[in-house]
Amino acid sequence: MTIEIQNISKKYGNFQALHDINLHIPSGELVALLGPSGSGKTTLLRMIAGLESVEDGIILVDNENVASLHINQRDVGFVFQHYALFKHLTVFDNIAFGLQVRPKHKRPSAQTIAAKVDELLALVKLEGFAKRYPAQLSGGQRQRVALARALAVEPKILLLDEPFGALDAKVRKELRRWLRKLHNDIHVTTLFVTHDQEEALDVADRIVIMNKGKVEQVGAPAEVYESPVSPFVYDFLGNVNLFRGRVIDGQFSFSNQAETTNEAVGYVRPHHIKIEREKTSDAVISATITFIHTIGPIWHIEMRRDDDTYIEVELNKEEFLLLNLQVGENVYVSPKEMKVFIPEDFSI
Amino acid sequence: MKKNILPGFGITMGITTLYVSLFVLVPISLLLIKTASLSLDEFITIVTNERVMHAYKVSLTTAFIAAFLNAIFGLLLAWVLVRYRFPGRRIIDGLIDLPFALPTAVAGMTLAALYGPEGWFGQFFQKLGIPIAYTSSGIVIALMFIGLPFVVRMVQPVLENLPKETEEAATSLGASRFQTFHKVIFPEIVPALLAGFSLALARGLGEYGSVVFIAGNMPMKTEVAPLLIMSKLEQFDYAGATAIGVVMLLLSFTFLIIINILQKWHRKHELR
């Protein structure tokens, strides 16, 4: 089922939560809405679900205008960050809820419901938990119950609002892999909101990056990571070093007077920086190593430039051992890859 | 006993025991001791006297009806106060507590004046042939007035803390408004509602001040148990008064325990 979003704007009092959003989500895709808090991603998701009213613009789900339907007729599966399970009901009754509230003539028989719940329990790998209450489950298990509950009504689209936000890092990673697998099996159009760029890059077929109520970029994970269209996207998708400079004859050149010239800014990822001990050309920057630490296989080296700005470099173990860097050493760095944005219009 | 990690257990437990003893256990023990001055036969004769039995019945039925009606309307009031924003909401919210603050005798006199045969409301009911003052309906009204804050104040915070998301989840799964209330919201507030009900009931069973003015106090008809106790005291029949008191105490205690068990049963999902 496709989702078509046309010219959607939303205001809360004086606050413009969404500016003229246009988005097309093809059937069967797993799409991430990625952005910092306050970027409007959750508002957009809730509008698609019908939990917020649509005043400006049109949202079509499966070519049907959703504004004309009450939320309980929209066939939307919604999963909340904090699970929102019915805590006085067992896992079984939670999952069966959507089927049991159907009007009599549409309600499946008790056996059909039981069979469906068993099937879903198997899908979310919680066989044997049917009689438990939510309070007796871990966070990851609760979120899987919430997902099974949403899937029980066979929704046209599945919407997840920060589904893994309340879970610890390891469970989060497990669950997102599992979501990816689940999506490969059932192929329901899925839209999930996250502020975690790693999560979005890891799971989604496509990523919609939002900032301040606008869509910054839409694309496959590799595409948005490799060719970000704006400094915001570049910055949001990973750590970044900024080099101020100017563009002369289409060539970016560093400037050592950072405060006076800022006609262009070079964006460089920490692992795209080369460190040398000897000054090999004029296009290198001199810096002093201030701090070295390691997280797993990656070595992080912090250095200070002469103008007191900091540079962060990431090396793998071999590179680090080869250079044998020490704190306090003076080195020369140069970017291996760089993306240049001119502040005025954010283009090269 | 394992050493508690939270500091201050010894002293707070000591104060708790002392406080409960001074204000609850000792007075109640005295009541029992005083009653014990009667022989068992005397005791049974007093507490099963026909007039006394009627008084229990009046007290129990009126307190039950009043607590039940308060549970319904208290829930409604709490719902309106929590869910809707309207001018004057805070004033209404403040007014709810007034029955707590008002001397009960004042409340009783006011209600008697209102619902008496010539009162503002009473005259209409009189025309319809439904007298209120000096009947058990009058007692129910007095007890409703007294018991209202209990239900509202028990239910209100629970309603306020209900996560909006569970309701949204229910609606997104296709539940109608009624189903959402009935299957999601109501089960969450049942324990608080029961607690409010039991407090209103307990208060109603013991209420004296506001009831005597509106009840008419006709023996075998509109005489409540606390009034009987009062009249026994006025005749210096202390043992007789405490005997009735003990029966009332046992009755209240039984109800509170039953309601407690109901709550426990309802909260089974919170037990691990």
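Residues numbered from 1 in each chain as written. Chains lettered and ligands numbered in written order. Predicted model: local features only at pLDDT ≥ 70, side-chain atom pairs only at ≥ 80, totals over all residues.

As annotated in an unreviewed UniProt entry, chain A carries the name Sulfate ABC transporter ATP-binding protein and is attributed to Metalysinibacillus jejuensis.

So, the sheet that holds strand β1 (residues 3–12) of chain A
Consider a sheet: its strands pair through backbone hydrogen bonds, and that pairing is either parallel or antiparallel. All names here are of chain A. Worth spelling out the cut-off: Any two strands with at least two DSSP-identified bridges between them are counted as paired. Going along the chain from the N terminus, every DSSP run of H or I of four or more residues is numbered as a helix, and every run of E of two or more is numbered as a strand.
Strands sit in the order β2-β1-β4-β5 across an open sheet of four strands; the sheet is antiparallel. On the outer flanks of this sheet lie β2 (15–25) and β5 (64–65), each paired with one strand and no other. Pairing of β1 with strand β4 (residues 56–61) involves five bridges; the strand directions are antiparallel. What sits directly across from Gln6, in β4, is Ile58.

Structural notes on the domain arrangement of chain B
By a widely used convention, the size of an interface equals the accessible area lost when the partners come together. Rule in force here: Source of the domain bounds: an automatic or database domain assignment.
With domains assigned, chain B is organised as domain 1 (1–36) and domain 2 (38–270). Centre-to-centre separation of domain 1 of chain B and domain 2 of chain B, based on C-alpha positions: 28 Å.

A look at the environment of Ile71 of chain A
By the element assignment, Ile71 of chain A lies in the loop between β5 and β6 (76–79). Between the C-alpha atoms of Ile71 of chain A and Ile48 of chain A, which are 23 residues apart in sequence, the distance is 9.7 Å.

Some words on the domain arrangement of chain A
When the domains of chain A are assigned, the result is domain 1 (3–230) and domain 2 (269–341). For domain 1 of chain A versus domain 2 of chain A, the distance between C-alpha centres works out to 42 Å.

Quick look at the pairing of β4 of chain A
All names here are of chain A. Looking at chain direction, β4 and β5 are connected through two bridges and run antiparallel. The residue bridging Val61 from the neighbouring strand is Glu64, located in β5. Linking two consecutive strands that pair antiparallel, namely β4 and β5, is a turn of two residues; a positive phi of about 55° is found at Asp62 within it.

Observations regarding unusual backbone geometry
The line we're drawing: Every C-beta atom is placed from the backbone, and the number of other C-beta atoms within 10 Å of a residue's own sets its class: buried at 20 or more, exposed at 12 or fewer, partly exposed in between.
Within the chain, Lys125 of chain A stands out as a residue other than glycine whose phi angle is a positive 60°. As for its position among the elements, Lys125 of chain A is in the loop between α3 (110–123) and α4 (139–152). Unlike most non-glycine residues, Phe236 of chain B shows phi in positive territory, near 60°. For Phe236 of chain B, the location among the structural elements is in the loop between α12 (225–234) and α13 (238–266). Among the residues examined, Phe236 of chain B registers 9 C-beta atoms within 10 Å and is labelled exposed.

Some details on the packing of helix α3 (residues 50–83) of chain B against helix α8 (residues 136–161) of chain B
Residue and element names in this part refer to chain B. Rules: In this analysis, axes come from line fits to C-alpha atoms, helices being fitted only over the stretch in contact, and the angle between any two N-to-C directions falls in the range 0 to 180 degrees. Oblique is the label for any angle not covered by the other classes, which are roughly parallel (under 35 degrees), roughly antiparallel (over 145) and roughly perpendicular (65 to 115). If you view the pair so one helix is near and one far, a crossing is left-handed when the near helix is turned anticlockwise from the far one by less than a right angle, and right-handed when it is turned clockwise. Nonpolar residues are Ala, Val, Leu, Ile, Met, Phe, Trp, Tyr, Cys and Pro. Charged residues are Asp, Glu, Lys and Arg, and all others, Gly as well, are polar.
It is the contact of α3 with α8, at a shortest axis distance of 6 Å, that shows an interaxial angle of 40°. It follows from the interaxial angle that α3 and α8 lie oblique. In terms of crossing hand, the pair formed by α3 and α8 is right-handed. In terms of residue class, the contact of α3 with α8 is made up of 22 nonpolar, six polar and one charged.

What about helix α5 (residues 169–186) of chain A?
All names here are of chain A. Here is the rule we go by: Working rule for helices: expected span equals 1.5 Å times residues minus one. Arc, as used here, means the arc of the directions from the helix axis to the C-beta atoms. What counts as a contact here is a pair of residues whose C-beta atoms, placed from the backbone, lie within 7 Å.
Between its first and last C-alpha atoms α5 spans 26 Å; for 18 residues at 1.5 Å apiece the expected length is 26 Å, and the two agree. Regarding α5, the residues found buried are Arg172, Leu175, Arg176, Leu179, Leu182 and His183. Looking straight down α5, one finds its buried side chains confined to an arc of 120°; they lie on one side. More than 90 degrees from the buried face of α5, the exposed residues found are Lys170, Arg177, Lys181, Asn184 and Asp185. Buried residues belonging to α5 abut β3 (30–34), α4, β8 (189–194) and α6 (197–203). Taken from the residues just after α5, His187 is the one with a positive phi, measuring 55°.

A word on the interface of chain A and chain B
At the junction of the two partners, chain A supplies 21 residues and chain B supplies 18 residues. Looking at the side of chain A that touches chain B, the elements that each hand over two or more residues are β6 and α2 (91–100) of chain A. A class-by-class count of the residues in the side of chain A that touches chain B yields 13 nonpolar, five polar and three charged.

Some thoughts on the nonpolar core
How we decide: In this description, a nonpolar core means buried residues of the types Ala, Val, Leu, Ile, Met, Phe, Trp, Tyr and Cys, linked to one another by C-beta atoms lying within 7 Å.
Ala32, Leu33, Leu159 and Leu191 of chain A are the most contacted members of the largest nonpolar core, which totals 76 residues. Of all hydrophobic cores here, the second largest spans 54 residues; its members include Ala78, Ile132, Ala200 and Val212 of chain B.

Considerations on the packing of α3 of chain B against helix α10 (residues 177–206) of chain B
Residues and elements named next belong to chain B. Running from N to C, α3 and α10 cross one another at 145°; their axes reach a closest spacing of 8 Å. For the crossing formed where α3 meets α10, the hand is right-handed. Between α3 and α10, the contacting residues are Ser59, Thr62, Ala63, Phe64, Ala66, Ala67, Asn70, Ala71, Gly74 and Leu75 on the first element and Leu193, Gly196, Phe197, Ala200, Leu201, Gly204 and Leu205 on the second. A class-by-class count of the residues in the contact of α3 with α10 yields 11 nonpolar, six polar and no charged.

Some details on the sheet that holds strand β10 (residues 214–219) of chain A
Residues and elements named next belong to chain A. An order of β6-β7-β8-β3-β9-β10 is seen for the six strands of this open sheet, with the pairing classed as mixed. Of all the strands in the sheet, just β6 and β10 have a single pairing partner and so form its edges. Averaged over neighbouring strand pairs, the angle between their axes works out to 15° when direction is ignored. Bridge analysis of strand β9 (residues 206–211) against β10 gives five bridges, and the strand direction is antiparallel. By the bridge assignment, Val208 is partnered in β10 with Val218. Those strands touched by α4 are β6 and β7 (157–161), and its axis lies near 170° from that of β6.

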